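This is what each chain is made of:
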Amino acid sequence: MAFLPDESRSLPPPPLLNKGSVWLGLVGWLSALADNAFNQRPVLRAGVHRQILFATVGCFIGYQLVKRTEYMHAKVDRELFEYMRHHPVDFHRAGT
Amino acid sequence: MAAGLRAVRRWGLVAAAPPGLAFTRSAFVVKKANNAQPNWLGVGLAFTTSVVLWASLITQHNEDVMEYERRKQAREHKCTRCS
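Chain B carries the name NADH dehydrogenase [ubiquinone] 1 subunit C1, mitochondrial in an unreviewed UniProt entry, which gives Nicator chloris as its organism. Taken from UniProt, the Sequence similarities (unreviewed entry) comment for chain B reads in full: "Belongs to the complex I NDUFC1 subunit family." Per UniProt, chain B has the following entry under Subunit (unreviewed entry): "Complex I is composed of 45 different subunits."

Named according to an unreviewed UniProt entry, chain A is NDUC2 dehydrogenase originating from Nicator chloris. In the Subcellular location (unreviewed entry) part of its UniProt record, chain A is described as follows: "Mitochondrion inner membrane". Under Sequence similarities (unreviewed entry), UniProt gives the following word-for-word description of chain A: "Belongs to the complex I NDUFC2 subunit family."

Residues and elements named next belong to chain A. For the structure shown, the criterion picks out ten salt bridges over all chains. Of the charged contacts in the structure, one is a salt bridge between K75 and E79, with a shortest N-O distance of 3.3 Å. One end of the pair is K75 and the other is E79, both in helix α2 (residues 48-86) and four residues apart, which spans about a single turn. Given the relative accessible area of 25%, K75 is considered partly exposed. Ionic pairing is found between E82 and R85, a salt bridge with its closest N-O pair at 3.1 Å. Of this pair, E82 and R85 both sit in helix α2, three residues apart, which is roughly one turn of that helix. For E82, a relative accessible area of 35% gives the class partly exposed.

The calculated volume of the second largest pocket comes to roughly 190 Å³. Considering the residues around the second largest pocket, the lining is formed by 15 residues, among which L4(A), S8(A), R9(A), K67(A) and D64(B) are closest to the centre. Contributing elements (two or more residues each) for the lining of the second largest pocket: α2 of chain A together with α2 (40-80) of chain B. Partitioning the lining of the second largest pocket into residue classes produces seven nonpolar, two polar and six charged.

Working definition: an aromatic ring pair is given by the centre-to-centre distance plus the angle between the planes. Taken as a whole and judged by the stated rule, the model has one aromatic pair over all chains. Relative to F91(A), the ring of Y83(A) lies with its centre 6.2 Å away and its plane at 90°, an arrangement referred to as edge-to-face.

Residues and elements named next belong to chain A. One can describe the packing of helix α1 (residues 19-38) onto α2 by two numbers: an axis separation of 7 Å at closest approach and a directional angle of 150°. Viewed along their axes, α1 and α2 adopt a mutual orientation that is roughly antiparallel. Crossing angle aside, the handedness with which α1 passes α2 is right-handed. Where α1 abuts α2, its residues G20, S21, L24, G25, G28, W29, S31, A32, L33, D35 and N36 lie against R50, Q51, F54, A55, G58, C59, I61, G62, Y63, L65 and V66.

For M72(A), the position within the fold is in helix α2. Taking the C-alpha atoms as reference, M72(A) lies 24 Å from F91(A); in sequence the two are 19 residues apart.

Moving on to the interface of chain A and chain B. Between chain A and chain B, the contact holds 23 residues from the first and 23 residues from the second. Summed over both partners, the interface of chain A with chain B comes to about 2100 Å²; 62% of that surface belongs to carbon and sulfur atoms. Among the residues of chain A in contact with chain B, R9(A), L16(A) and H49(A) are the three that bury the most area, contributing 28% of the side total. Our enumeration of links across chain A and chain B arrives at three salt bridges. Where chain A meets chain B, there are seven residue pairs in polar contact (both at pLDDT 80 or more). The residue makeup of the side of chain A that touches chain B, split by class, is twelve nonpolar, six polar and five charged.

What follows deals with the environment of W54(B). By secondary structure assignment, the location of W54(B) is in helix α2. Look at W54(B) and you get partly exposed, because its relative accessible area is 33%.

Quick notes on the rules
Residues numbered from 1 in each chain as written. Chains lettered and ligands numbered in written order. Predicted model: local features only at pLDDT ≥ 70, side-chain atom pairs only at ≥ 80, totals over all residues. Heavy atoms only, no water. UniProt positions renumbered as here; feature names shortened; annotations may be inferred. Salt bridge = Lys/Arg side-chain N within 4 Å of Asp/Glu carboxyl O. Helix = DSSP H or I, 4+ residues; strand = E, 2+ residues; numbered from the N terminus. Buried < 20%, exposed > 50% of the residue type's maximum accessible area, 1.4 Å probe, protein only. 1 Å grid on protein atoms, 1.4 Å probe; cavity = no way out; pocket = protein on both sides within 12 Å on 5 of 7 lines; lining within 4 Å. Points joined across faces, edges and corners; volume = space filled by probe spheres on them. Nonpolar A, V, L, I, M, F, W, Y, C, P; charged D, E, K, R; others polar. Phe/Tyr/Trp six-rings, centres within 6.5 Å; stacked < 30°, edge-to-face > 60°. Axes fitted to C-alpha atoms, helices over the stretch in contact; angles between N-to-C directions. Parallel < 35°, antiparallel > 145°, perpendicular 65-115°, else oblique. Left-handed = near helix turned anticlockwise from the far one by under 90°. Contact = heavy atoms within 4.5 Å. Buried area = accessible area lost by both parts, 1.4 Å probe. Polar contact = N/O pair within 3.5 Å; in protein donor to acceptor, adjacent residues only side chain to side chain.

Structure, rendered in structure tokens:
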């Protein structure tokens with residue numbers, strides 16, 4: 001299957017800053033800081049271009065992953081509701 | 001080990017490195033890193049890539065929103081038969 005099939009565009013797109021993109025952006029930024037630390041540079045003030053690049057890449061990948069996650073969850077929900085629609089007997093409320 | 005590497009870097013040890021060892025981090029072939037002079041090519045590429053990535057992310061998000069709205073309208077038109 002493609003990473004993001006066409007029908008995933010029928011879902012509401014997640015906001016630009018969602019938990020996936022923020023978290024992976026943070027991970028990217030922290031890895032740039034770690035690279036500074038390992039190369040004995042000033043942790044926050046050195047390599048700002050690197051920090052920005054890593055954070056950006058993290059946000060980008062996070063956004064794509066969250067879109068795919070929402071699509072997979074929606075697909076499973078759709079299949080679940082289809083099954084429930086086809087087997088109503090199994091899903092009657094308890095007691096009826 | 002770290003102290004030894006640091007000493008190597010301070011001495012500016014540059015071996016006559018065969019090309020095959022260019023990507024190793026062996027202390028025998030590493031060049032002295034000079035953080036005082038920025039690698040302007042690298043800085044420019046990093047900033048350019050960041051700008052391109054943000055631009056593509058924001059435009060893709062806006063396209064996604066428009067496509068979702070369009071499909072929602074199409075679905076409502078189909079259900080109500082343009083009533």
